[in-house]
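# Summary of the model geometry
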Amino acid sequence: MASSLPAEILAESGLPTDEAMDAVEVAIAKTLTGALRSNVCVKIDAQFEIVAYPIGNGEPIKISLDDINGKLRRHLLYQIKLELQKRRTLNESDRLKELRGYSAPGEISRIADDGALIVFLEIADYYRRLILCGVCPARFQPFHEVGRYGIGSVKEFYISSVVPVMVNKRYSKVRIMLSRTSKELPRLLLQERSRIAGITCVERVLGAYSSIVTPARIPKEIINSVGKELEEHLHVSIQEARR
């Protein structure tokens, strides 16, 4: 590992430069503090600088990466990659958390052994389209649909949560949780297709009906399309304007 290591890592990180630099600094400082049993400060700027402050009254010692043995250097590289992965996962979670509370169509790509649906979502994100992977657990699937899903079929899903997930004690991915049972799903589908704001779902009995209140008339073909999607009847009433 030469002194150019941080530049190589930063270039491949996919993070904003300042954040990637901070991640590298934190990873190296934490690792060397434990390994050298000294307080270690790391600074990446025009130059790459590591300074160890021995516990007690010892003088600060400047350390070069070339002074570190091969085993510790490999451990440093591993910890840097973990820290960068953590930052990427948390960044992605923060960016995608705005999807919570919305609906999106998704293609079922796999059905897990426990019945969970693994779903590919295609979502517009400003000037591009994101392909994301979500999970719809069996408990969030309507009873009348369980066992009838087919690989490659497309369904509408409610995005209930977006959270970073730890695997083997480290953040490695973002989990998007989906639902077909939410009372919000019929409301969102009607609102999206009709462009009428203020629609509410006051009751939903899965596989039977949903009671909808709307401030304006919803075209019958839209009501029928949502009812077909959910396989339930929609009782729609228009809310009377207050005098």
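Everything below is about the structure shown above.
Residues numbered from 1 in each chain as written. Predicted model: local features only at pLDDT ≥ 70, side-chain atom pairs only at ≥ 80, totals over all residues. Heavy atoms only, no water.

### With respect to the overall build of the protein
Rule in force here: Secondary structure follows DSSP: runs of H or I at least 4 residues long count as helices, runs of E at least 2 residues long count as strands, and numbering of each begins at the N terminus. In this description, accessible areas are obtained by the Shrake-Rupley approach with a 1.4 Å probe, and a residue is regarded as covered only by the protein chains that are shown.
A tally of regular secondary structure across the protein gives five helices and eleven strands. With the model as given, the accessible surface of the protein reaches about 14600 Å², and the carbon-plus-sulfur share is 50%.

### Observations regarding the pattern of salt bridges
The condition is simple: Each reported salt bridge corresponds to a side-chain nitrogen of Lys or Arg within 4 Å of a carboxyl oxygen of Asp or Glu. Each residue is placed in one exposure class: buried if its accessible area under a 1.4 Å probe, protein chains only, is under 20% of its type's maximum, exposed if it is over 50%, and partly exposed if it falls in between.
Tallying each qualifying case throughout the model produces nine salt bridges. Linking Arg-87 and Asp-22 is a salt bridge whose minimum nitrogen-to-oxygen distance equals 2.9 Å. Here Arg-87, found in helix 3 (residues 70-96), pairs with Asp-22, found in helix 2 (residues 17-36); they are 65 residues apart in sequence, far enough to count as distant. For Asp-22, a relative accessible area of 34% corresponds to the partly exposed category. One salt bridge in this structure joins Arg-187 and Glu-184, with 2.7 Å as the shortest N-O distance. Of the two residues, Arg-187 and Glu-184 are both situated in helix 4 (residues 184-194); the distance of three residues between them amounts to about one turn of the helix. When its relative accessible area of 15% is taken as the criterion, Arg-187 is described as buried. Accessibility expressed as a relative area gives 27% for Glu-184, which makes it partly exposed.

### Thoughts on the environment of Ala-197
Note the following rule: Should any heavy atoms of two residues lie within 4.5 Å, those residues are counted as being in contact.
Mapped onto the fold, Ala-197 is located in the loop between helix 4 and strand 9 (200-205). Excluding residues that lie within four positions of it along the chain, Ala-197 makes contacts with Gln-191 and Pro-215.

### Focus: the packing of helix 4 against helix 5 (residues 220-230)
To be explicit about the condition: The convention used is that axes are lines fitted to C-alpha atoms, helices contributing only their stretch in contact, and that angles between N-to-C directions extend from 0 to 180 degrees. What makes a crossing left-handed is the near helix being turned counterclockwise from the far one by less than a right angle; a clockwise turn instead makes it right-handed. Only Asp, Glu, Lys and Arg are considered charged, only Ala, Val, Leu, Ile, Met, Phe, Trp, Tyr, Cys and Pro nonpolar, and every remaining residue, Gly among them, polar.
Between helix 4 and helix 5, the least distance of the axes is 10 Å, while the angle of their chain directions is 145 degrees. The two elements helix 4 and helix 5 meet at a crossing, and its hand is right-handed. Judged by residue contacts, Leu-185, Pro-186, Leu-189, Leu-190, Arg-193 and Ser-194 of helix 4 engage Ile-222, Ile-223, Ser-225, Val-226, Glu-229 and Leu-230 from helix 5. Within the contact of helix 4 with helix 5, the residues separate by chemical class into eight nonpolar, two polar and two charged.

### Brief notes about the side chain of Ser-182
Operational definition: Any pair of N or O atoms that falls within 3.5 Å is considered a polar contact. Within protein, one atom must be able to donate a hydrogen and the other to accept it, and sequence-neighbouring residues count only if both atoms are side-chain atoms.
Topologically, Ser-182 is positioned in the loop between strand 8 (170-179) and helix 4. Note on Ser-182: relative accessible area 15%, which makes it buried. Engagement of the side chain of Ser-182 in a polar contact is seen with the backbone nitrogen of Glu-184, the distance being 3.0 Å. When sequence neighbours within four positions are dropped, the list of residues in contact with Ser-182 reads Tyr-158 and Arg-204.

### Describing the pairing of strand 9
Definition in use: Pairing between strands is defined by DSSP: at least two bridges between them are needed.
Looking at chain direction, strand 9 and strand 10 (residues 209-214) are connected through five bridges and run antiparallel. Counted as the bridge partner of Arg-204 is Ser-210 from strand 10. Hairpin geometry of strand 9 and strand 10 is characterised by an intervening segment of three residues between the two adjacent antiparallel strands and by a positive phi of about 80 degrees at Gly-207.

### Quick word on helix 4
If you check which residues of helix 4 are buried, you get Leu-185, Pro-186, Arg-187, Leu-188, Leu-189, Leu-190 and Ser-194. Remark: Arg-195 follows helix 4 within two positions and exhibits a positive phi of approximately 60 degrees.

### Some details on helix 3
Where we set the bar: The span you would expect from a helix comes to 1.5 Å times its residue count less one.
For helix 3, built from 27 residues, the straight-helix expectation of 39 Å at 1.5 Å per residue is met to within 8% by its first-to-last C-alpha distance of 39 Å. Burial in helix 3 covers these residues: Leu-72, Leu-76, Ile-80, Glu-83, Leu-84, Arg-87, Thr-89, Ser-93 and Leu-96.

### What to know about the sheet that holds strand 11 (residues 233-238)
Read across the open sheet, the three strands follow the order 9-10-11; overall the sheet is mixed. The two strands at the open ends of the sheet, each matched to only one other strand, are strand 9 and strand 11. Going from strand to strand, the sheet's axes swing by 15 degrees on average, the running direction of each strand aside. In this structure, strand 10 lies alongside strand 11, joined through six bridges in parallel fashion.

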